[in-house]
Amino acid sequence: MFRKPKLVPANESRCPLALSFALSCLASLPSQAQEAPAAPSTAASGPQQQQAAKKTAPKAEASQATTPAQLDRVEVSGRASDEAQRRSATAAKIIIGREEIERFGDNSLGEVLKRLPGVSTGGRPGRGGEIRMRGMGGGYTQILVNGERMAPGFSLDQLPPDQVERIEILRAPSAEFGARAVAGTINVVLREALQKRLNDWRVGLSEENGLWSPSLGWTRNDKLDENGGAYNLSLNTQQVKRSDALDSRALTHNLDGSGDSLLNSHSQTEDERRSLNLSLRLQWKLAEGDSLSVQPFVVASRGSNSSLITQTRSSPTPGDFDQAQSTGDSKFNMLRVNSQWQHRFDADTRLELRGGIGLARNDSHTLRQEYRQSALSRSQDDTVSSEDKSWSLNGKYSHTLENEHSLVGGLEGEGTQRQQNRVCLQNGQSCRNLLDFGDDLDAATQRIALYAQDEWSVGKQWAFYAGLRGETIATRSTAANYAVNNRATVWTPLLHGVWKMLDQDGKPSRDQIRASLTRSYRSPNLQDLIAQPTINSQYPCPDAQPCGPNAANYPDRSGNPNLKPELATGIDIAFESYLSKGGVLSANLFYRRISDLMRTVTSLETVSWAGVPRWVARPQNIGNASTMGLELEAKFRLDEFLPEAWPVSVRSNLSLFRSSVDGIPGPNNRLDQQPKATANLGADYKLRSLPLSLGAGLNWTPSVTVQQSLLTEVHNSRKVVLDAFALWSVNLNTQLRLSASNLNPLSYSNGSVISTTDQIITTDTGGRSFTQWQLRLEMKV
């Protein structure tokens, strides 16, 4: 843990916490900034980090002692740099701080993360999307906020970068953070409460495809008392408008020679979303070195959408439509309150207790009307309400021995409960599938974990980490006609090591080698376990009649309560070289062997809701798989290697991936959504003659084709995204930022080829992407 020396200012003017007094305080705020101890990191603090902190503190104190008393501005920073924290950690970890997060003025965390080594996003160019490490989506990447899992329905794209203090990326699992991280862990730490006065405002306006979206952000930080108490309030609100057009083509080739059928469709979609995000951290220093913090986190969003679909088929079927109109609205509200209490028994022993409760509610309403030859042929009115309640309770005991062993033991508990109600009307009558399966759903998950770890150093060159974690996850779900339970227990041993090389004088150099041998797992998500079927709207069930046949590219969907978790054995080996002017050169090799691979498989089944077999997509454990890769990173200043060059900051990375799934024919029998490579190249420079900083970044993901099963092959187009920014410093407290995302907008597409014994169905869907421009005024008041 890195701590800053406490600095008590001689003259202090402080605003009250209440929001109602915020504006009246603006004029009274002084320009100087004082900073005190930082909030504890969520990462484990091992012997190397403790030693580094001891070395850092005296330097900061010396700097404080020599600072003349008459200076108006005093800034003391005892926190180690991002590279220093990365270097001192025994388990491989990348730290992304505020400077890197703010650099391009991104609107979503997905756009920030896509520039990191081995990280990619699953959405269309410039839009963020599902976050994946090492190209592995669908639950392989563990996503945490302040070390906690968020409620279902929440995604990182709902969290504005303004509210994030730092991002921690762990390439291998650890006992403390959890082993549900086959690809790795991304832990997002919200703004911390420091004894540093801040009153920052950010006003932005962005444009995409002719639509304007405003945003407003506010961050307030100050002391609560003279004993080290502090608070941080971060508020962000925005309105986002988007317009998209998609074209789809589905060709069905009948192998019996009866002719082909071509379905062409065009859709135009309009979306509008308004959101409010608020995070508050209250932090107190108690007697005898204890500390207490409370952090409420609120997300509220409202959305509306409309779409118009037109389609033509060369060989019409009875259920076809010429045009379909859909309108919908949605509401999502989430409240999460976390608290943390730390107690020190002595200088070497500490107890930490964390607890949290959460409530999330999601309400949506959709009306779809289908027309054939200008006459209404079918309507469906859907209203869905779901409520998720969650709790967590964690305890961690830490003790450092005289021989530099740092022992940690912990117990964790977590629970979620979902209640869902759906009212579906088809042509004014209850939807056929709800008559069979019911419209109410009750599901719950409970997780209990126990872990222990030891971190120690051997001399100046070696550091080791050994851990063991056991988790039990129990899931149950009930509906009108079924009640299922699922229970799984996983034990995961973990071992990490670092060897620091010596230079010619026998002193530690800037180079080191890491190695990890771990076991991790991927658990089924709740929706995959729920057995309630969903009937495809393209082939609905007629009123008061059994369902007819459907097509393989429009399957019904159902869960699988018998799913088992995937287990993965992993090896990571990395070389890191830290540069004298800041930055790092690294190469990381990884390998994962996965058993009981989960994959959604589409097959023809005899089902209770139809008089004939129907195509159904459901998750299954299909066997084993393996993946490996090489991740290269170069982050440096240009004058590190070219003395006469400008001090341009360069960030580049290249990741190469390979995977294979047993039992699936090659050559494209890869893990779902995993590309063969990802790459980033970026640079920025602060001009000496002008108060102007310029920067640009290029992100590349090649096209990917995956053979999902014996029947289905899917493909996605390449992504090439060019971003740029210009930052003008008006004065010490005001900046104007112009940024552009996706400067080279490319069309994107995805599709599939399904080969059955009777048909070959080829589907392609694609559309345009757009450049997003943003102008943002940033003020320190």
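Everything here concerns the structure above.
These remarks concern the structure in this document.

Rules of the game
- Residues numbered from 1 in each chain as written.
- Predicted model: local features only at pLDDT ≥ 70, side-chain atom pairs only at ≥ 80, totals over all residues.
- Heavy atoms only, no water.
- Helix = DSSP H or I, 4+ residues; strand = E, 2+ residues; numbered from the N terminus.
- Buried < 20%, exposed > 50% of the residue type's maximum accessible area, 1.4 Å probe, protein only.
- Contact = heavy atoms within 4.5 Å.
- Areas by Shrake-Rupley, 256 points an atom, 1.4 Å probe, with all protein chains shown as cover.
- Core = buried A, V, L, I, M, F, W, Y, C linked by side-chain atoms within 4.5 Å.
- Pairing = 2+ DSSP bridges.
- Salt bridge = Lys/Arg side-chain N within 4 Å of Asp/Glu carboxyl O.

### A word on the overall build of the protein
1) Next: Counting its secondary structure elements, the protein contains 7 helices and 34 strands.
2) Next: Looking at the 781 residues of the protein, the share that counts as buried comes to 52%.
3) Next: Summarising the internal contacts of the protein: among those between residues at least 6 apart in sequence, 69% fall at separations of at least 24.
4) Next: Counting only carbon and sulfur atoms, one obtains 56% of the accessible surface of the protein, whose full area is about 34000 Å².

### Quick look at the nonpolar core
1) Next: By size, the foremost hydrophobic cluster in this structure holds 38 residues, and its most contacted members are Leu 113, Phe 154, Ile 167 and Met 334.
2) Next: Looking at this core, the elements with two or more residues in it are β1 (93–96), α5 (109–113), β3 (131–133), β5 (164–170), β6 (184–190), β11 (291–313), β12 (323–346) and β23 (584–605).

### Some thoughts on the environment of Ile 143
1) Next: Position of Ile 143 relative to the elements: it lies in strand β4 (residues 141–145).
2) Next: Look at Ile 143 and you get partly exposed, because its relative accessible area is 29%.
3) Next: Spatially, the C-alpha atom of Ile 143 lies 6.1 Å from that of Thr 185, the residues being 42 residues apart in sequence.
4) Next: Residues within four places of Ile 143 in sequence aside, it is in contact with Glu 148, Arg 149, Leu 156 and Ile 186.

### Points about the pairing of strand β31 (residues 734–741)
1) Next: With 7 bridges joining them, strand β30 (residues 719–731) and β31 adopt antiparallel strand pairing. Bridge pairing in β31 places Ser 729 opposite Gln 735.
2) Next: Count of turn residues in the β30/β31 antiparallel hairpin: 2 residues.
3) Next: As paired elements, β31 and strand β34 (residues 772–780) share 8 bridges and run antiparallel to each other. Paired with Thr 734 across the bridge in β34 is Met 779.

### Here's the deal with the pattern of salt bridges
1) Next: Evaluated as defined, the whole model comprises 58 salt bridges.
2) Next: Glu 208 is the salt-bridge partner of Arg 127, the closest N and O atoms lying 2.7 Å from each other. In this pair, Arg 127 sits in the loop between β2 (119–121) and β3 while Glu 208 sits in strand β7 (residues 198–208), placing the two residues 81 residues apart along the sequence. Across the pair, Glu 208 and Arg 127 agree in class, each one buried.
3) Next: Notably, a salt bridge pairs Asp 556 with Arg 614, separated by 2.7 Å at the nearest N-O pair.

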